[in-house]
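The lines below spell out each chain.
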Amino acid sequence: MKPQSELSQVRTFMEANDQTIRFRPVSNLPEWEKMLRVQLILEEAYELAEALGIEVTGRPTLVSKTRDLDPVQSLDALTDLLYVIFGTYHTLGLARAARDAFTEVHASNMSKLGPDGHPLKNELGKVMKGPNYFPPDLRTIVATHSKPTTVFDASDSMTDES
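Residue positions are counted from 1 within each chain, in the order its sequence is given. Local features are withheld for residues below a pLDDT of 70 in this predicted model, meaning they are given only at 70 or higher, and side-chain atom pairs are given and counted only at 80 or more; totals for whole chains, interfaces and linings count all residues. To obtain the side-chain values, all non-hydrogen atoms of the structure were included, while hydrogens and water were left out.

Account for the side chain of Q9, naming residues and giving values.
Strands are runs of DSSP state E lasting at least two residues, helices are runs of H or I lasting at least four, and both sets are numbered from the N terminus onward. Tracing the backbone shows Q9 in helix α1 (residues 6–16). Buried, partly exposed and exposed residues are distinguished by accessible area as a fraction of the type maximum, computed with a 1.4 Å probe on protein chains only: under 20%, between the cut-offs, and over 50%, respectively. Of the residues examined, Q9 reaches a relative accessible area of 4% and is grouped as buried. If we skip the residues at most four places from it in the chain, Q9 touches Q4, F102, T103 and H106. Every residue pair with non-hydrogen atoms within 4.5 Å of one another is taken to be in contact.

Encoded structure:
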């Protein structure tokens, strides 16, 4: 059986956590949803900065503009983010670990569901950790992929969406 793609895994998480999934480009979203998406991206960017030993001083204040979103500009920005993220995997020597890490993080994220199988969310709509939550074991994945290899197999990385 072929493993689920990264996009499919995220969709599974979103469905399990009662998050809206749209199947066509949209030109507007509720303000809270726009703010949440940007906040989640910034949160992960700050986490990366910390992991790289960079101190981020002063966090930006998010102020919503009351205008519709631009699907083309949004697609451009999201694709550029992925491009930069994939490049950072390569820069840090983590490209071979990417798919395994994603699968492990997905399993960890799915463990956030509450005891009744429903999501626990904060006031902003962010999914919180439930009592069955377990952190991803990324240390083992890094160790596994730190072993010497002579050939880079691109099919081991997330860049080959199937």
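If you had to explain the pattern of salt bridges to someone new, which residues and values would you point to?
Each reported salt bridge corresponds to a side-chain nitrogen of Lys or Arg within 4 Å of a carboxyl oxygen of Asp or Glu. This model, assessed by the stated rule, comprises five salt bridges. Residues R22 and E33 are paired through a salt bridge, measuring 2.9 Å at the closest nitrogen-oxygen approach. Of this pair, R22 sits in the loop between α1 and α2 (31–51) while E33 sits in helix α2, and the two are 11 residues apart along the sequence. Residue classification places R22 among the partly exposed positions, given a relative accessible area of 35%. A salt bridge links K34 to E31, with the shortest nitrogen-to-oxygen separation between them at 3.0 Å. Residue K34 and its partner E31 are located together in helix α2, separated by three residues, close to a single helical turn.

Break down the packing of α1 against helix α4 (residues 98–110) for me, citing the residues and quoting the values.
For helices, the fitted axis covers only the stretch in contact; all axes are lines through C-alpha atoms, and the angles between them, taken along N-to-C directions, range from 0 to 180 degrees. Close contact between α1 and α4 brings their axes to 10 Å; oriented N to C, the two are set at 5°. When the axis of α1 is compared with that of α4, the two are roughly parallel. Facing α1, whose interface residues are E6, Q9, V10, T12, F13 and A16, α4 presents R99, F102, T103, H106, N109 and M110. When residue character is reported, Ala, Val, Leu, Ile, Met, Phe, Trp, Tyr, Cys and Pro are called nonpolar, Asp, Glu, Lys and Arg charged, and the others, Gly included, polar. Of the residues contributing to the contact of α1 with α4, the split by class is five nonpolar, five polar and two charged. Any angle between 65 and 115 degrees counts as roughly perpendicular, while under 35 counts as roughly parallel, over 145 as roughly antiparallel, and the rest as oblique.

I'd love a proper account of α1, names of residues and values included.
Counting along an α-helix, one turn takes 3.6 residues, and residues three or four places apart therefore face a common direction. Among all positions of α1, only E6, Q9, F13 and M14 are buried. With its buried residues spanning 140° around the axis, α1 presents them on a single face. Residues of α1 that are buried sit in contact with α2 and α4. Where α1 terminates, the next one or two residues include D18, which has phi positive at roughly 55°. This arc describes the spread of directions from the helix axis toward the C-beta atoms.

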